[in-house]
Each structure stands twice: as structure tokens, then as C-alpha cells.
Number of protein chains: 2
Amino acid sequence: MNLPPLIQTFVLHFGEMGSRWGINRTVGQIYALLFLSSEPLNAEDIVERLGVSRSNVSMGLKELQAWNLVRLQHRPGDRRDYFSTPDDIWQIVRTLVEERKKREIDPTLTLLREVLMQEPASAEERHAQTRMRDMHDLFELLTDWYAEMQRLETERLVQLLKLGTKVQKILDVKDRLFLTSGSKKRGGSGKDK
Amino acid sequence: MNLPPLIQTFVLHFGEMGSRWGINRTVGQIYALLFLSSEPLNAEDIVERLGVSRSNVSMGLKELQAWNLVRLQHRPGDRRDYFSTPDDIWQIVRTLVEERKKREIDPTLTLLREVLMQEPASAEERHAQTRMRDMHDLFELLTDWYAEMQRLETERLVQLLKLGTKVQKILDVKDRLFLTSGSKKRGGSGKDK
DNA sequence: TCGTAATTTCAGTATTTTCTGAAATATCGG
DNA sequence: CCGATATTTCAGAAAATACTGAAATTACGA
């Protein structure tokens, strides 16, 4: 591996992190490298920097493309493929979340719906279904929320995140002003934890 | 594997899903099984249901305990350990997010801070640092937001999630009512996408 | 269409991870 | 402390995954 120390630290870290995410070490390292690079890199650049085989890089890049995580570019008069990551880190987050949703959440929701359609054949299965229903509803709530957030412009999304739970206070004000929904019993100190 | 079909489908699915999450198949299956079960199971129960070795189950349960994802209980007059998952699925989500943060995000933030303290030795390292700064700020924003959400009672959290981007409208109303912060240029149709 | 350079594929190898059975250790009631 | 039962540990086997070099394929300019 042939990298400035500061960059190497980061690249190695993301290689390890990748392992915890169903992504392999090399793919993590390639992405980290591209992320830090101020200009697009070609496969040979990556081979030299990371010290892995050309074919490994080829496979890694293919996987990153399947994840929509890299952009492929060309330089005039050079027919090699150059790769880069979006300048906007929020774009990266959006893609990551979107792809993980597509691969993990959506199939799970589909499976849950299928299984929930079936007739339970025992008390055990009936209970299992209520648990699956809970999970289904939770996933649905989260994906609906996510869909709304994904639609926001980044600036507004950040604004909202920075607001955090202060929204609560605004809601309280709204409640007091408009008194729309029923005034549910309040103040019962939660059996939180 | 010795399970009613409906339950088996779910257990197998979560076994596979587990693989994508740095958790191995058996651990995923054990958790799925416990999640669906209406009463706590002991290790031997799990061995019979999943058809894996006793030692594998022991290790799997140990891992789930390290993740705080299972509760250990005892039955009177029975000295085996019985395991279950929280009844409240939101509690499970909270724990999962908390633990993943602890293992993945926090160490990454620490590393980013360390590397950002260092003096860049070249233009390349300087650029790399600006990228790491972007990432650091993003992670910090997200973890701050997360910390606030984690503090909310579930009921309120759900309320907020269901609200989604409708919050936006309320914010707009607030803006118009109080005109507190600077009136930034508005209405330039976003170059969204 | 040919020649060259780039990329991809893939069979085999290396590495890592998971799983098992056997042995060791722990726990409990008496 | 003993005996019985439960759990954990761990070395090695099995399985899964990652990686490589060589060969095949693709892409392109001439």
C-alpha cells in the first residue's frame, strides 16, 4: 500500500468498516480512496495505491457501480475508465440509504406481507404473525418517513435535522393554538425505559 | 430445522439478512426465532428448532447478549437460561441503533477527529482532510439528531415520524408568524435532483 | 479488419469465518 | 464438598468468501 499516512489511516479504517457491512475490505478501501481523492482515478492508479491485483480492483469497481456509489468518467484522448465519488457527501448518503433499502428493507417487507396473508395453523403461528405484523408496521412507518425525507432538498433536510426535537415545542404551540386533535390524557409520567 | 412453515420462512430470511449485517446466519436465525416466540426459549429448545450444534447456539447467544439484544430469564425450579426479546419492538430498534452507533460511528468519529488534528504534508493530504471534515460534520449532525430522538418517548417519536415533512409546513407558518431568522432568498426553483 | 490497450471473467488458491464435538468449567440443591 | 445438569471454551473441520494470475473479451483508432 502506497499512500500518505493520513490517507492510509482512513483507507484502512474503511476497509475494516466495510467488513461489518457486507462489503469486503478491498471494496471499502477503493471507495475510501476515491472519496478522498481530488480527482478521478483509473483502475491502475488504484492498483498502485492499494497494492492489490488488477482483477480485484476490477471486481471492486464493478460492485461499487452496482451500488451506484461511483461515477464513471473519461478523459479526452485516454480510453481508460476514471472513477470518482460525488462531491456532495449528502448525495452519497442518499444513495447508500436508497440502495440498502432496496436490498434489505424492501424484500423483507415483501416477505412479511406474504407471510401475513397466510392462515396460521396453530396458536404458535398466530403469535408469530402478530410479531411479524409489528415488524411490518414499523418498517412501513420508517420507509414512509424515509421517502418523505429523501424528497427534501438537502438544505431543508439539514435544517430539519438541526432542529431535532425542538420541533416538539413548535408542535406543542400548535396544539395549544388550534386544539385540533383530541386532548389525550397528559402528564402520566411514562414507564419509559 | 424443525419449525412451522410460516416461522421457518421468517427465520431463514433473517438468517440470510444477518449475513449482510456483519452478523452470522445462525445468530440471525436465533434472534428471529426468539423474536417470534411467545415465550422464552432455552438453548436446547433452540438447538432442536434450528438443528445446529449446542456450542453454536451458546456462542450465538453470547453474541446477542453482547449486543444487548436478548433478555436472560429464569424459571423457578429450572436452572437453565431462558432467552427472550423485548415485547416492545421499538426497544429493539433503539438497542440496535445504539449498539451500531457504538461500534461503527463512534470509532469512526474518533478516528476522523484524530486525523483532522494532524498537519497535512501535501496538497493531496489537504484535500483529503477537507473531505474528512465533510464526513465528520455529517456524522456529527446525524449523531446529534439521533441523540435527541433516542431521548423521546416512543409515542412522541412515532408521532414525529408520522408527521414527516408536514413539519415543514408548520415551520413555514412559524416563519411567517414570527419572522425571527433572516429572510433568505426564497422561491428560486430548486435545481433539485 | 487489425493491432493495441483496457477491462472482465474465471478456475484455482488463499484467507477468513463459521460450525462442531469433546473437554473443561460453572452452578446449584443438598 | 458431591453429583448432576447446564454452559462455555477451543482446536480442528467445513464452508464461505476474497483474491490472484492468466486467458478471454471488449473497445477503439487506424
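Scoring rules and cut-offs
Residues numbered from 1 in each chain as written. Chains lettered and ligands numbered in written order. Predicted model: local features only at pLDDT ≥ 70, side-chain atom pairs only at ≥ 80, totals over all residues. Heavy atoms only, no water. UniProt positions renumbered as here; feature names shortened; annotations may be inferred. Least-squares fit on C-alpha atoms with pLDDT ≥ 70 in both. Contact = heavy atoms within 4.5 Å. Domains from an automatic or database assignment. Buried area = accessible area lost by both parts, 1.4 Å probe. Polar contact = N/O pair within 3.5 Å; in protein donor to acceptor, adjacent residues only side chain to side chain. Salt bridge = Lys/Arg side-chain N within 4 Å of Asp/Glu carboxyl O. Helix = DSSP H or I, 4+ residues; strand = E, 2+ residues; numbered from the N terminus. Nonpolar A, V, L, I, M, F, W, Y, C, P; charged D, E, K, R; others polar.

An unreviewed UniProt entry lists chain A under the name HTH-type transcriptional regulator, from Microvirga arabica. Quoted verbatim from the Sequence similarities (unreviewed entry) heading of the UniProt record, the comment on chain A is "Belongs to the GbsR family."

**Brief notes about the relation of the copies chain B and chain A**
With an RMSD of 0.0 Å, the operation that places chain B on chain A is a rotation of 180° combined with a shift of 0.0 Å along the axis. The transformation just described matches what one would write down for a two-fold rotation axis. Closest approach to the rotation axis within chain B is made by the C-alpha atom of tryptophan 21 of chain B, at a distance of 2.7 Å. A share of 97% of interface residues in chain B that are also interface residues in chain A marks the association as one of identical surfaces.

**Concerning the domain arrangement of chain A**
Residues and elements named next belong to chain A. When its domains are assigned, chain A resolves into domain 1 (5-84) and domain 2 (89-178). Relative to domain 2, the C-alpha centre of domain 1 lies at a distance of 32 Å. Taken residue by residue, the interface counts 7 residues in domain 1 and 7 residues in domain 2. Note on domain 1 versus domain 2: buried area summed over both sides is about 760 Å², and carbon and sulfur give 68% of it. Counting every contact that joins domain 1 to domain 2 gives 2 residue pairs in polar contact (both at pLDDT 80 or more).

**Thoughts on the interface of chain B and chain A**
Accessible area lost upon the coming together of the parts is a frequently used measure of interface size. With 73 residues of chain B at the contact, the number on the chain A side is 73 residues. Carbon and sulfur atoms make up 66% of the surface buried where chain B meets chain A, a total of about 6,600 Å² over both sides. Between chain B and chain A we count 2 salt bridges in total. A salt bridge links arginine 49 of chain B to glutamate 124 of chain A; its shortest N-O distance comes to 2.8 Å. Taken together, chain B and chain A are joined by 20 residue pairs in polar contact (both at pLDDT 80 or more). Within the residue set of the side of chain B that touches chain A, elements represented by two or more residues are α1 (5-19), α2 (25-36), α5 (89-117), α6 (123-151), α7 (154-163) and α8 (166-178) of chain B. Residues of the side of chain B that touches chain A, tallied by class, amount to 36 nonpolar, 15 polar and 22 charged.

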